[in-house]
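Listed below are the residues making up each chain.
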Number of protein chains: 2
Amino acid sequence: MKYFARAITPNEAFFVRYHVFPIPLEVDLATWRLRITGRVERPLELTLDDLRTKFPRVAVTAVNQCSGNSRGRFTPRVLGGQWGDGAMGNAEWAGARLRDILTAAGVRQGAVQATFDGLDKPSFPSVPDFVKSLDVTRIMDDPDVLVAYEMNGKPLPMLNGYPARLVVPGWYATYWVKHLSDIEVIDHVFEKFWMKPAYRIPDNACGCVAPGTAPARTVPINRMTVRSFIGSPEGGSRVPTGRPVTMKGIAFDGGHGIQEVQVSVDGGTTWQAANLGADLGRYSFREWTFSWTPARPGRARVVVRAFNAIGESQGRQPLWNPAGYLRNVIEHVDLVVG
Amino acid sequence: MKYFARAITPNEAFFVRYHVFPIPLEVDLATWRLRITGRVERPLELTLDDLRTKFPRVAVTAVNQCSGNSRGRFTPRVLGGQWGDGAMGNAEWAGARLRDILTAAGVRQGAVQATFDGLDKPSFPSVPDFVKSLDVTRIMDDPDVLVAYEMNGKPLPMLNGYPARLVVPGWYATYWVKHLSDIEVIDHVFEKFWMKPAYRIPDNACGCVAPGTAPARTVPINRMTVRSFIGSPEGGSRVPTGRPVTMKGIAFDGGHGIQEVQVSVDGGTTWQAANLGADLGRYSFREWTFSWTPARPGRARVVVRAFNAIGESQGRQPLWNPAGYLRNVIEHVDLVVG
């Protein structure tokens, strides 16, 4: 968890996840283009240089989290990659606003969604190409949806989507299409494999159902839930009696912004406000610190809980769904004092 | 606030709110009928006796809260009745399941919503009749949506909707149509006055916009937000130093159920778990108590915050919308110690 005691995740420590293979290991900028087609007035073919020079450069600090982050902790077990808590990272992404690109192409009447396809193409015909979609209203309303070409001030690393990837702040990584090559504006809701049946959650307020059951109706996964983690000390650490120990960690949510973090050193009976670090924006990790002077030797369960600006927090019981998405149960570490 | 230190609100203390006048002051059971028409196989005309005898009697304890409850506390001010916090109550409602009634009528293919009309009819032609609607899927999925004829074990009082009213647990009172007389199953989304433009909220996760602004898109108001109140002692009370004082109150939400209540006696810096009272169901007020022995004379701000089963809580800043709906900011009382 050491990378989650600080706000920005280094590029080399950022998680990597692909859906189809082979994955592109090099991209020739001489031939790479971002094509915008479909229900637009002026179809476009943009080079990376076009992206950099024809549109304002915009930066947003945002968490990119796999929908299945922490999936391995669900009971009952769920299918899919058995991630621990590492499938998340926070970076400053910079690029062109997607709405500026679509405006340049001229969205026509009746446009409902845009679809996004990257260079990763399945080698077996039975595997559906990885294509995602977003509502045109979301794109045009939200100045933070980017086609990013930089990550923490450097060109996008190959495994993080070079030369350009979609950045959809507040939403799960499944929408952050890498090696983006094709945007098509369409007049309907896209329902091919990776939007339906894949990456869907129960259609209710919690995205959850009773463990072991199936939902009656589903919707595409979207906004991230509130989460908070203790980055330091790590679970199992020994801390001295009678001397202050500084605990550190991060919290984040789907874009309302972290307003408050509480820490409990008695397993969740009494809680105190943690100190919040610098506000890097509503989509970013928010660092927190908390100083604790343990009074007595023994075991201690340290618990953390965050609140976003609209009052959403984390519950004591994990919420379950068949794919193991949206996990945001209150987290803890057990320490040995003395 | 004295009625909000206990779980069940007496019938005579329950708030009353109508939309159109004149209101019915008596109903003749010899002529009153509940008519089910529209997209059904068998239109029905039910007497109160039919409701009581032809369908299983089902009881649910549920909060009925006006959408504009606490509206008077918003800054900037909003239009509408300037309620304090009194426009809410909790009762045991008993009646027939709406889905049993619709099943008896036989919902036909293509049914989308049902509309609900009561005996209160406007006397001026310029005032739209008060008609609300619900999705047929909600009605058929939810065994707790009732046509109620009893309230706390007695016939429904006249001002609470005699002889029968719709009970939509977890949703605001605007759907709980009184003196219910007509249910029509329709093949589209109903958008007459009291669904659109009235009783709508911003179409986003918080139902909120920046104070003083208007939302771009709206949806009908629906599920209630998490709230908690201190019923006793009342604000401004004097409590002795060095002797325990028992604080009491209630918490509720839109139907996930209250999982936890925290109390702070220092204005929100440190928090402790309150004791939860009996669980009367996920739609009910949940009583809480908290014992506090003030150590020092002076002023004390007591603050309460609730969490529901999916981790939703209350924020420190009120969320604003033009109609003053969904208020759920953290509440406090100021006490004098000594």
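Scope of this entry: the structure provided in the associated data block. (Residues numbered from 1 in each chain as written. Chains lettered and ligands numbered in written order. Predicted model: local features only at pLDDT ≥ 70, side-chain atom pairs only at ≥ 80, totals over all residues. Heavy atoms only, no water.)

**Quick word on the relation of the copies chain B and chain A**
It takes a turn of 180 degrees to lay chain B on chain A, together with a shift of 0.0 Å along the axis; the resulting RMSD is 0.0 Å. As the rotation angle and translation indicate, the two copies are arranged about a two-fold axis. No C-alpha of chain B lies nearer the rotation axis than that of B:Glu312, which sits 2.2 Å from it. Both copies share a contact surface, since 100% of the interface residues of chain B are interface residues in chain A too. (Least-squares fit on C-alpha atoms with pLDDT ≥ 70 in both. Contact = heavy atoms within 4.5 Å.)

**Topic: the state of the cysteines**
Any covalent bond linking the sulfur atoms of two cysteines counts as a disulfide. Residue and element names in this part refer to chain A. Per the counting criterion, the structure on display carries two disulfides over all chains. Across the disulfide, Cys206 is cross-linked to Cys208 (sulfur-sulfur distance 2.1 Å). The disulfide joining Cys206 to Cys208 has a torsion of about -75 degrees about its S-S bond and is therefore left-handed. Residue classification places Cys208 among the buried positions, given a relative accessible area of 14%. (Disulfide = S-S within 2.5 Å. Buried < 20%, exposed > 50% of the residue type's maximum accessible area, 1.4 Å probe, protein only.)

**So, the pairing of strand S16 (residues 258-264) of chain A**
Residue and element names in this part refer to chain A. Burial of S16 is extensive: six of the seven residues sit out of reach of the surface. For S16 and strand S20 (residues 298-308), the ladder comprises six bridges, and the chain directions are antiparallel. The residue of S20 that forms the bridge with Val261 is Ala306. Linkage of S16 to strand S17 (residues 270-273), two consecutive antiparallel strands, is achieved through a turn of five residues, within which Gly267 is found at a positive phi near 80 degrees. (Helix = DSSP H or I, 4+ residues; strand = E, 2+ residues; numbered from the N terminus. Pairing = 2+ DSSP bridges.)

**A word on the packing of aromatic side chains**
Scanning the entire structure with this criterion turns up 19 aromatic pairs over all chains. Centroid distance A:Trp93 to A:Trp176: 5.3 Å. Interplanar angle 75 degrees. Geometry classified as edge-to-face. Here A:Trp93 is found in strand S4 (residues 88-97), whereas its partner A:Trp176 is found in the loop between strand S9 (165-167) and strand S10 (180-186), with 83 residues between them in sequence. A single burial state applies to A:Trp93 and to A:Trp176, both of which are buried. Taking the centre distance of 5.3 Å and the plane angle of 65 degrees together, the rings of B:Phe130 and B:Trp194 count as edge-to-face. Highlighted residues: B:Phe130 in the loop between strand S5 (113-118) and strand S6 (131-135) and B:Trp194 in the loop between strand S10 (180-186) and strand S11 (200-202), separated in sequence by 64 residues. B:Trp194 shares its class with B:Phe130; the two are buried. Between the NZ or CZ atom of A:Arg305 and the centre of the ring of A:Trp271, over which it lies, the distance is 4.9 Å. One cation-aromatic arrangement involves B:Arg138 over B:Trp171; the distance from NZ or CZ to the ring centre is 4.6 Å. (Phe/Tyr/Trp six-rings, centres within 6.5 Å; stacked < 30°, edge-to-face > 60°. Lys NZ or Arg CZ within 6 Å of the ring centre and 35° of its normal.)

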